[in-house]
Amino acid sequence: MKISTKGRYALRLMLDLAQHECKEPVRLRDIAARQEISLKYLEQIISVLQKAGYVKSIRGPQGGYQLMQAPGAYILGDILRLIEGDLAPVACLERGAAPCERQGSCVTLRLWRELNAAICGVLDRYTLQDLMEWSGEGTLDYVI
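### Description of the overall build of the chain
Part 1 of the reasoning: Of the regular secondary structure elements, the chain holds six helices and two strands.
Part 2 of the reasoning: Seen through its principal axes, the chain has C-alpha atoms that stretch 60 × 35 × 25 Å.
Part 3 of the reasoning: Relative to its 144 residues, the chain shows a buried fraction of 33%.
Part 4 of the reasoning: Across the chain, every contact between residues at least 6 apart in sequence was considered, and the portion connecting residues at least 24 apart equals 62%.
Part 5 of the reasoning: Of the roughly 9,000 Å² of accessible surface on the chain, a fraction of 50% belongs to carbon and sulfur atoms.
Part 6 of the reasoning: Distance between charge centroids for the chain: 5 Å, based on 18 positive and 17 negative side chains.

### A few points about the pattern of salt bridges
Part 1 of the reasoning: This structure, assessed with the given rule, holds four salt bridges.
Part 2 of the reasoning: Across the pair Asp-78 and Arg-81 runs a salt bridge, and its minimum N-O distance is 3.4 Å. Of this pair, Asp-78 and Arg-81 both sit in helix α4 (residues 76-84), three residues apart, which is roughly one turn of the helix.
Part 3 of the reasoning: Here Asp-124 ties to Arg-81 by a salt bridge, and the two come within 2.9 Å at their closest N and O atoms. Of the two residues, Asp-124 is situated in the loop between α5 (109-123) and α6 (128-135) and Arg-81 in helix α4; the sequence distance between them amounts to 43 residues.
Part 4 of the reasoning: Exposure remark for Arg-81: the relative accessible area of 16% places this residue in the buried category.
Part 5 of the reasoning: Here the salt bridges share partners, and the residues they tie into one network are Asp-78, Arg-81 and Asp-124.

### Considering the packing of helix α1 (residues 5-20) against α6
Part 1 of the reasoning: Packing of α1 against α6 leaves a shortest axis separation of 10 Å and a crossing angle of 75°. Accordingly, the angle class assigned to the pair α1 and α6 is roughly perpendicular. In this structure, α1 uses Leu-11, Met-14, Leu-15, Ala-18 and Gln-19 to contact α6, whose residues at the interface are Leu-128, Leu-131, Met-132 and Ser-135.
Part 2 of the reasoning: Residues of the contact of α1 with α6, tallied by class, amount to seven nonpolar, two polar and no charged.

### Regarding the environment of Glu-94
Part 1 of the reasoning: Its place among the elements puts Glu-94 in the loop between α4 and α5.
Part 2 of the reasoning: As for Glu-94 and Gly-53, which are separated by 41 residues in sequence, their C-alpha atoms are 24 Å apart.
Part 3 of the reasoning: Those residues in contact with Glu-94, other than ones at most four positions away along the chain, are Asp-86 and Ala-88.

Conventions adopted
Residues numbered from 1 in each chain as written. Predicted model: local features only at pLDDT ≥ 70, side-chain atom pairs only at ≥ 80, totals over all residues. Heavy atoms only, no water. Helix = DSSP H or I, 4+ residues; strand = E, 2+ residues; numbered from the N terminus. Buried < 20%, exposed > 50% of the residue type's maximum accessible area, 1.4 Å probe, protein only. Contact = heavy atoms within 4.5 Å. Areas by Shrake-Rupley, 256 points an atom, 1.4 Å probe, with all protein chains shown as cover. Lys, Arg positive; Asp, Glu negative; His and termini not counted. Charge placed at Lys NZ, Arg CZ, Asp CG, Glu CD. Salt bridge = Lys/Arg side-chain N within 4 Å of Asp/Glu carboxyl O. Axes fitted to C-alpha atoms, helices over the stretch in contact; angles between N-to-C directions. Parallel < 35°, antiparallel > 145°, perpendicular 65-115°, else oblique. Nonpolar A, V, L, I, M, F, W, Y, C, P; charged D, E, K, R; others polar.

Right, here's the structure in full:
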């Protein structure tokens, strides 16, 4: 499993909204400049986030985007699943996948299940609030 640019940029977009939202909507153009991401690419991502109810759009000259909830309510794994789809490392573990005919004899299935649990365990443990706190620690030892 590899997180795409779109998934990484979605987390950066949501984090930027959380950090810069001070009762006023945040303009996508400002996020694009701060994050050094194409405005067109962010427009594609924000559309998905808006349809899912993660962000709301405010129209007008002072318009922009705002989070629908507090940063602590956004689980990073949920954001990535929304953008990336299923995060399972192999197809047989994806939600709704037909049972694999080799399931009874697949020696590696145990490994894939454990890897899937580890991935989900980490991504579902942290929220946007955690990222905000980490960004305030000064030295960053993670990459989004």
